[in-house]
Amino acid sequence: MGTEARTAQVNEVIRRLDAHYVFPDVAAKLAEVLRRRLDEGAYADLDDVEFATVVTVDLQSVNGDKHVRLRHHVDPVPDAEGDGEAFDMEAYRLEAQLSGYGLAAARRLAGNVGYLDTTMFYPAEIVRDAVAGAMTLLSGTDALLLDVRRNRGGDPRTVAMLISYLVDEPTHYLSIYEREGSKTSEMWTWPYVPGTLFGAGKPVWVLTGPDTFSGGEDVSFSLQRLGRAKTVGTATRGGAHPRNQFKVDTHLDVTVSIARGFHPVTGDNWEGTGVRPDIPVDADEAFDTAYALALKHVLDLGDTGPRRAVAEEARAALDRM
């Protein structure tokens, strides 16, 4: 890649940061870093994949924002309308479908414990029916394990939808400041969700790990702060800034943090620090730890009548652990 082309790509990244990054002062510092590195020849002898990797390190060197990345794609990056976000909704819809709509598993475990394993929060308009089906399936269980250890993020509206199944009334759980228009939006649970509620009266444990990111952290942080769930595992990755993606060149795009999420009362978030677990254990041990707690809760509910078979299941499951 010639010097002129690389210079044009770096300048396009800088332009996007200047126009959209949630913190304008940080955007200015990032521009200084990229121009200096360009002048030093740091990007001169790299192919596109290496270039994206090195620039990403430079982009995260000022404030550690893991949402800011230069990415290389095998397929061409779609063009955007005007100067907007480069995004192919139909391709994203197919990706969601092929990955089970971001729901790797939804099942009743022995002892009537629900388990929901999520990998991505795709837009609510895409996954609404799938989430409703999963939560309806789990609605009759006595406790829920919500696994976000592999969840890399997604749409805040889908987080709102999921939390809505776990509360009994509309709840303001997060706020989001957006640079564009300098506005703050309140994130509330939905007044209505399809399917059947799990409800607010049964315990929830959220399984977390070092790969839990962005939207996965949102649901962990929000349920923890609401006192609705206990987090089990290790600290999460630490990304609280919603982002958009913008085309840089044929096979390159840059993701830019356009907003920041924060708690509506305390004003803090999980950026840089991650969500700290209520019950710290290795991520690989989070499931067994939470499942054992859930089974003990089930046994506390009694063992007479229809609960006899459930209690027997719970005891047997505990014995096998």
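Everything below is about the structure printed above this text.
Now for a quick tour of the structure.

Basis of the calculations
Along each chain, numbering runs from 1 in the same order as the chain's sequence is written. In keeping with the predicted nature of the model, local features appear solely for residues at pLDDT of at least 70, side-chain atom pairs appear and are counted solely at 80 or more, and the whole-chain, interface and lining totals rest on all residues. The basis for every side-chain value is the complete set of heavy atoms in the structure, and neither hydrogens nor water enter the calculation. Orientation is described by axes fitted as lines to C-alpha atoms, over the contacting stretch for helices, and by angles from 0 to 180 degrees between their N-to-C directions. Helix and strand assignments follow DSSP, with helices taken as H or I runs no shorter than four residues and strands as E runs no shorter than two, numbered in order from the N terminus. Should an angle fall under 35 degrees it is taken as roughly parallel, and over 145 as roughly antiparallel, whereas 65 to 115 is taken as roughly perpendicular and any remaining angle as oblique. Left-handed describes a crossing whose near helix is turned anticlockwise from the far helix through less than a right angle; right-handed describes the clockwise counterpart. Contacts are assigned to residue pairs that have any heavy atoms within 4.5 Å of one another. Any Phe, Tyr or Trp ring, taking Trp's six-membered ring, that has another such ring centre within 6.5 Å forms a pair; planes under 30 degrees apart are called stacked, those over 60 apart edge-to-face, and the others tilted. Burial classes follow relative accessibility: with a 1.4 Å probe on protein chains only, a residue under 20% of its type's maximum area counts as buried, one over 50% as exposed, and anything between as partly exposed. Lysine NZ or arginine CZ positioned within 6 Å of the ring centre and within 35 degrees of the ring normal marks a charge as sitting over the ring. To estimate the expected span of a helix, subtract one from its residue number and multiply by 1.5 Å. As used here, the arc belongs to the directions running from the helix axis to the C-beta atoms. Definition of nonpolar core: a set of buried residues of the types Ala, Val, Leu, Ile, Met, Phe, Trp, Tyr and Cys, connected through side-chain atoms within 4.5 Å.

## Quick notes on the packing of helix α6 (residues 156-164) against helix α7 (residues 215-225)
Okay, step 1: Remark: α6 packs on α7, axes separated minimally by 10 Å, with the N-to-C direction vectors making an angle of 40°. For the element pair α6 / α7, the angle class is oblique. Seen along the crossing, α6 lies across α7 with a hand that is right-handed. Within the contact between the two elements, α6 uses V159, L162 and I163 and α7 uses G215, D218, V219, S222 and L223.

## Quick word on the packing of aromatic side chains
Okay, step 1: Counted under the stated rule, the structure contains 6 aromatic pairs.
Okay, step 2: Where Y43 meets F51, the ring centres are 5.4 Å apart and the plane angle is 80°; that geometry is what we call edge-to-face.
Okay, step 3: Of the residues examined, Y43 reaches a relative accessible area of 1% and is grouped as buried.
Okay, step 4: Their ring planes at 50° and their centres at 5.0 Å tell us that F221 and W270 sit as a pair that is tilted. Within this pair, whereas F221 is found in helix α7, its partner W270 is found in the loop between β11 (259-262) and β12 (279-280), the two being separated by 49 residues in sequence. Of the two residues, F221 and W270, neither departs from the other in class, the shared state being buried.
Okay, step 5: Put simply, the rings of Y115, F287 and Y291 touch in pairs and so form one group of aromatic residues.
Okay, step 6: The ring of F51 is capped by R6, whose NZ or CZ atom sits 4.1 Å from the centre of that ring.
Okay, step 7: Taking the ring centre of F198 as reference, the NZ or CZ of K202 above it sits at 4.2 Å.

## A short note on helix α9 (residues 307-320)
Okay, step 1: Here α9 spans 20 Å end to end across 14 residues, near enough to the 20 Å set by a 1.5 Å rise per residue.
Okay, step 2: Of all the positions in α9, only V310, A311, A314 and A317 are classed as buried. For α9, the angular spread of the buried residues around the axis is 125°, confining them to a single face. Away from its buried face by more than 90 degrees, α9 exposes D319 and R320.
Okay, step 3: Its buried side turned inward, α9 meets β2 (103-109) and α8 (286-300).

## Here we look at unusual backbone geometry
Okay, step 1: In this structure, S182 is a non-glycine residue whose phi angle is positive, near 45°.
Okay, step 2: Tracing the sequence through the fold places S182 in the loop between β5 (172-178) and β6 (183-188).

## Points about the nonpolar core
Okay, step 1: Ranked by internal contacts, the top residues of the largest apolar core, which has 42 residues, are L116, M135, L146, V219 and L223.
Okay, step 2: Contributing elements (two or more residues each) for this core: α4 (89-98), α5 (124-138), β4 (143-147), α6, β5, β7 (204-208) and α7.
Okay, step 3: Per-element tally for this core: the top contributor is α5, with 7 residues.
Okay, step 4: Once residues within four sequence positions are removed from consideration, L146 is found in contact with L116, T118, L162, W205, V206, L207, V219 and L223.
Okay, step 5: Counting 25 residues, the second largest nonpolar core, distinct from the first, contains Y21, L38, F51 and F246.

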